[in-house]
Amino acid sequence: YGFTMKDKKIFIHLLPEYQGTSFVTEPLYCKVLNCIDLYTGKQLKFKQSKDGVIKISSIDRKTHPADTIIALILDKIPPHPKHIHVPRSVIENKG
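Residues numbered from 1 in each chain as written. Predicted model: local features only at pLDDT ≥ 70, side-chain atom pairs only at ≥ 80, totals over all residues. Heavy atoms only, no water.

A.B. asks: Whenever I open this one, the sheet that holds strand E1 (residues 2-6) confuses me. Can you help?
C.D. replies: Note on sheets: strands pair through backbone hydrogen bonds, and any given pair is parallel or antiparallel. Pairing within the open sheet is antiparallel, and its four strands lie in the order E1-E2-E7-E4. The open sheet has two free edges, formed respectively by E1 and strand E4 (32-37), since each of these has just one partner strand. Pairs of neighbouring strands in the sheet enclose a mean axial angle of 20 degrees, with direction left out of account. In terms of strand pairing, E1 meets strand E2 (residues 9-14) through five bridges, oriented antiparallel. Note on E2: the bridge partner recorded for glycine 2 is histidine 13. (Pairing = 2+ DSSP bridges. Helix = DSSP H or I, 4+ residues; strand = E, 2+ residues; numbered from the N terminus. Axes fitted to C-alpha atoms, helices over the stretch in contact; angles between N-to-C directions.)

Below, the structure written as structure tokens:
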């Protein structure tokens, strides 16, 4: 997996090695307004905890397994976007 960012959007790239159908981020210090599968255009289910952690569920990994791209639409640009990462425990459990 990897991340790219433009303006108020964070793009999560799930590559073939990532097998899960859910994904959890470290805290984002802004509000997520929407979560979209860019290949299908469908909105994805997500929950943002009080501390800013985002859990995305029901990710379709079969439609475009080479690079599933999920867009997080934010209310503002995060103060430290370079620090976004997924905890090791999530990687080991594969979502």
